[in-house]
Amino acid sequence: MITSDAGMGPRQEDAARERTPTTGGPRERLLAGVSVSEKTLRLAGISTAVLDGGAGPPIMLLHGPGEHAAKWLRIIPDLIKTYHVIAPDLPGHGASEITDGPIDADRALAWLGELIESVCPTPPVLVGQILGGAIAARFAAANSNRLRCLVLSDALGLAPFQPVPEFGAALMAFVTHPNEENHDRLWQRCAYDLDTLRDRMGESWDRLRAYNLDRAQVPGLKPIQQSLMEQFGLPAITAAELSRISVPTILIWGRHDLATPLPVAEAASARYGWPLHVIDNAADDPPIEQPDAFCRTLRAALRETVEAASETGLAPASTRDEWDRIAPGYDRTNTETQMWLGSEGLRRAGLRAGMKFLDVASGSGALSIPAARSGAETFAIDQSTVMLELLGERANKEALRIETLVMDGHALVFHDNSFDIAGSQFGVMLFPDMPRGIREMARVVRPGGRVLVIAYGDPHQIDFLGFFVRAVQSVRPNFEGPPMNPPPLPFQLRNPERLCQELTAAGLREVSVETITESTAFRTGDELWDWIVWSNPIVEEVLGDLELRESERGTIRRTLNRMVRDRADDGGSAVLTNPINVGIGVK
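Undergrad: Could you give an account of the overall build of the protein, naming the residues involved and the relevant values?
TA: A tally of helices and strands in the protein yields 24 helices and 17 strands. Since a compact globule built from 587 residues should have a radius of gyration of about 25 Å, the 28 Å found for the protein is in line with a globular shape. Taken along the three principal axes of its C-alpha coordinates, the protein extends 90 × 50 × 40 Å. Buried residues in the protein amount to 58% of all 587 residues. In the protein, the proportion of contacts linking residues at least 24 apart, taken out of those at least 6 apart, comes to 76%. Total accessible area computed for the protein in this model is approximately 23,700 Å², and 48% of it derives from carbon and sulfur atoms. When the 58 positive and 77 negative side-chain charges of the protein are each reduced to one mean point, those points stand 2 Å apart.

Rendered as structure tokens:
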């Protein structure tokens, strides 16, 4: 559906006006059922139609020549689940109009720069296809610092435009005589299997063709489209200019592209080191011909190329590596045992089916899995790719839908007011700038929504810590445990009053902090040892500082075994308890 725009920032309010769609027009019929809003921005003197939807990191989609933003209709529903999708009509395309003179390359690039500044609170992933790819590449060469990632899909500009003769003939026929017959002849060359595409799209295909023809028959648009093709699409971008692209860059290509054949992408990948991902059974428009494969490929490529890169502003690589290293052990020992606590926190926060929930520093799902089980629309972010992969495996086993994103909780790339509840269990308490993490959680929660923080309470009352210290003292009698002045990160919210203060300082109201007791059962000391050493990288740091010999580690484990047996009743399990602070605030 098309709705009027809402929630724009001050700059957007100055530049935008609400569009009143013509009821029943070809554009409106094409977009019926697509959950985006439509607005008009004036950028570089160009009246620009923009489709906008979803919440999350911004991703901007630039279409091909003679097309329009609605051509992305087959991938928008998938992307808006985790991204803020911005899809403009290029100048002189779709409903974007130029009324005050010609457009040159500088003006087109200025237009794109103003669009990014107007609608993207953080640098976007910029996806450019065909002509949009050439424009995106030229922009990135001069403005890599303004982008998070560049994705080129069957892009022009990597070589001179020299399509196979039959493609060129079909293109010229449609440009000269834009009728239904020539439209479908061109699409026979643009698609790998047009008959299958038409069957899959059904009525949407007829609507797409109707709007394509509607726009192609507007005389005033052709000169602008031809000008953009002459400046961006026909010539090759110089190697020197492409070499200036410093943002992570990904190539996604249809294997059967007749306009810009696959060898062009292979050559660019080899020359510039850009990873190339090939979509089978697609020609020059994979997003419309193979939308599921395109989205899967795009998401996987972004995880591999962007979200592990230092440009994203994630925690230091050493910290990420430490959590990646312990992730399998953490998932095996800790995650399942802490799901009861996650369920208790979510119950107190009032999570219900249908709500939109964000899990910050999710680990492998002790909070996310219970949230998804409740029927909430669940998003999980963490700095560790391995943790999120393990979370995904847990979700798949239960057929749960959890969207995962590698992200720094200090700087969430979600819009304000995006979630009903944001929660963090044993996550934000570990942040070097914990107050900032809580402020970010509060920012992305809607008015009336809640922030949930679950953190360890008084360390002197934590059984597993006491067991660990006494066991280590069996080989290091002077060991007193981790230094507590200042306290290590896991215990910076140990005081309920401190947690209350931080939630209040983040602008939350009706703040409450309850200290509850978590109980965990262990059959042996070896089981407890594994649970402790895989719980946090800090544990191994402490043990490493002691320079323990392997024999001493063995003594520690034997001591833990004895302590667990002493605690257990009638040969059963030893139940260890921990005070947990559960803080909740309302925005």
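Undergrad: Before we move on, could you go through the packing of aromatic side chains and cite the residues and values that matter?
TA: Using the criterion set out here, one finds 11 aromatic pairs in the structure. Here the aromatic rings of Tyr 272 and Trp 274 are separated by 4.7 Å at their centres, their planes lie at 25°, and the arrangement is stacked. Judged by relative accessible area, which is 6%, Trp 274 ranks as buried. Aromatic side chains Phe 464 and Trp 531 sit 5.0 Å apart centroid to centroid with 65° between the ring planes, which places their arrangement in the edge-to-face category. With Phe 464 in helix α20 (residues 463-472) and Trp 531 in helix α22 (residues 525-533), the pair connects residues that are 67 residues apart, well separated along the chain. What makes Trp 531 buried here is its relative accessible area of 2%.

Undergrad: Go over the side chain of Asp 324 with me, naming the residues and quoting the values.
TA: Following the sequence through the fold, Asp 324 ends up in helix α15 (residues 317-335). Within the structure, the side chain of Asp 324 is placed 3.5 Å from the backbone nitrogen of Val 386, a separation counted as a polar contact. Excluding anything up to four places from it in sequence, Asp 324 contacts Ser 384, Thr 385 and Val 386.

Undergrad: Before we move on, can you summarise the packing of α20 against helix α24 (residues 550-567) with the specific residues and values?
TA: Where α20 meets α24, the closest approach of the two axes is 8 Å, and the angle between their N-to-C directions is 135°. When the interaxial angle is binned, α20 and α24 end up oblique. Between α20 and α24 lies a crossing of right-handed hand. When α20 is examined against α24, the residues Asp 463, Phe 467, Arg 470, Ala 471 and Val 472 are found in contact with a partner set consisting of Ile 556, Thr 559, Leu 560, Met 563, Val 564 and Arg 567.

Undergrad: Help me get a handle on helix α4 (residues 105-119), residues and values and all.
TA: Taking 1.5 Å of rise per residue, the 15 residues of α4 would be expected to cover 21 Å, and the 22 Å separating its terminal C-alpha atoms lies within 8% of that figure. Inspection of α4 places Ala 105, Arg 107, Ala 108, Leu 109, Trp 111, Leu 112, Gly 113, Leu 115, Ile 116, Ser 118 and Val 119 among the buried residues, and these make up the whole buried set.

Undergrad: Describe the packing of α22 against α24, and please don't skip the residues or the numbers.
TA: At a minimum axis separation of 7 Å, α22 and α24 run at an interaxial angle of 115°. Crossing hand, α22 versus α24: right-handed. Contact residues: α22 offers Gly 525, Asp 526, Leu 528, Trp 529 and Asp 530, while α24 offers Arg 553, Ile 556, Arg 557, Leu 560, Asn 561 and Val 564. Split into classes, the residues belonging to the contact of α22 with α24 amount to five nonpolar, two polar and four charged.

Undergrad: Please provide a residue-by-residue account of the pairing of strand β9 (residues 249-254), values included.
TA: Here β9 lies mainly inside the structure; six of its six residues are buried. Burial along β9 is two-sided: Thr 249, Leu 251 and Trp 253 facing one way and Ile 250, Ile 252 and Gly 254 facing the other are all buried. Taken together, the four bridges between strand β8 (residues 149-153) and β9 define a ladder with parallel strand orientation. Bridge assignment links Ser 153 to a residue of β9, and that residue is Ile 252. Of the strand pairs in this sheet, β9 and strand β10 (residues 276-279) are connected by four bridges, and their pairing is parallel.

Undergrad: Let's hear about helix α16 (residues 339-349): which residues, and what values?
TA: When we look at burial in α16, the residues that qualify are Met 339, Leu 341, Gly 342, Glu 344, Gly 345, Leu 346 and Ala 349. Gly 350 sits one or two positions beyond α16 and adopts a positive phi of about 85°.

The rules we used
- All residue numbers refer to positions counted from 1 along the written sequence of the respective chain.
- In keeping with the predicted nature of the model, local features appear solely for residues at pLDDT of at least 70, side-chain atom pairs appear and are counted solely at 80 or more, and the whole-chain, interface and lining totals rest on all residues.
- With hydrogens and water set aside, each side-chain value is computed from the structure's full complement of heavy atoms.
- Counting from the N terminus, the helices are DSSP H or I runs at least four residues long and the strands are E runs at least two residues long.
- Here the globule rule reads 2.2 Å times residues to the power 0.38, and the radius of gyration is calculated from C-alpha atoms.
- Residue exposure (1.4 Å probe, protein chains only): buried if accessible area is under 20% of the type maximum, exposed if over 50%, otherwise partly exposed.
- Residue contacts are defined here by distance: any two heavy atoms, one from each residue, within 4.5 Å place the two residues in contact.
- Shrake-Rupley sampling with a 1.4 Å probe provides the accessible areas, and residues are treated as covered by the protein chains on show and by no other component.
- His is not counted, nor are the chain ends; Lys and Arg add positive charge and Asp and Glu add negative charge.
- Every charge is mapped to an atom, namely NZ of Lys, CZ of Arg, CG of Asp or CD of Glu.
- Only Phe, Tyr and Trp rings take part, Trp by its six-membered ring, and two of them pair if their centres are within 6.5 Å. Stacked means planes under 30 degrees apart, edge-to-face means over 60, and tilted covers everything else.
- For the purposes of these results, a polar contact is taken to be a pair of N or O atoms within 3.5 Å, where, inside protein, one atom must be able to donate a hydrogen and its partner to accept one; residues adjacent in sequence count only when each atom of the pair is a side-chain atom.
- Every axis in this analysis is a line fitted to C-alpha atoms, fitted for helices over the stretch in contact. Angles between the N-to-C directions lie between 0 and 180 degrees.
- We call two directions roughly parallel when the angle between them is under 35 degrees, roughly antiparallel when it is over 145, roughly perpendicular when it lies between 65 and 115, and oblique otherwise.
- Here is the rule for handedness: rotate from the far helix to the near one, and if that takes an anticlockwise turn smaller than a right angle the crossing is left-handed, while a clockwise turn gives right-handed.
- One fewer than the residue count of a helix, multiplied by 1.5 Å, yields its expected span.
- Here the term charged refers only to Asp, Glu, Lys and Arg, the term nonpolar to Ala, Val, Leu, Ile, Met, Phe, Trp, Tyr, Cys and Pro, and the term polar to all other amino acids, Gly among them.
- We call two strands paired when DSSP finds no fewer than two bridges between them.

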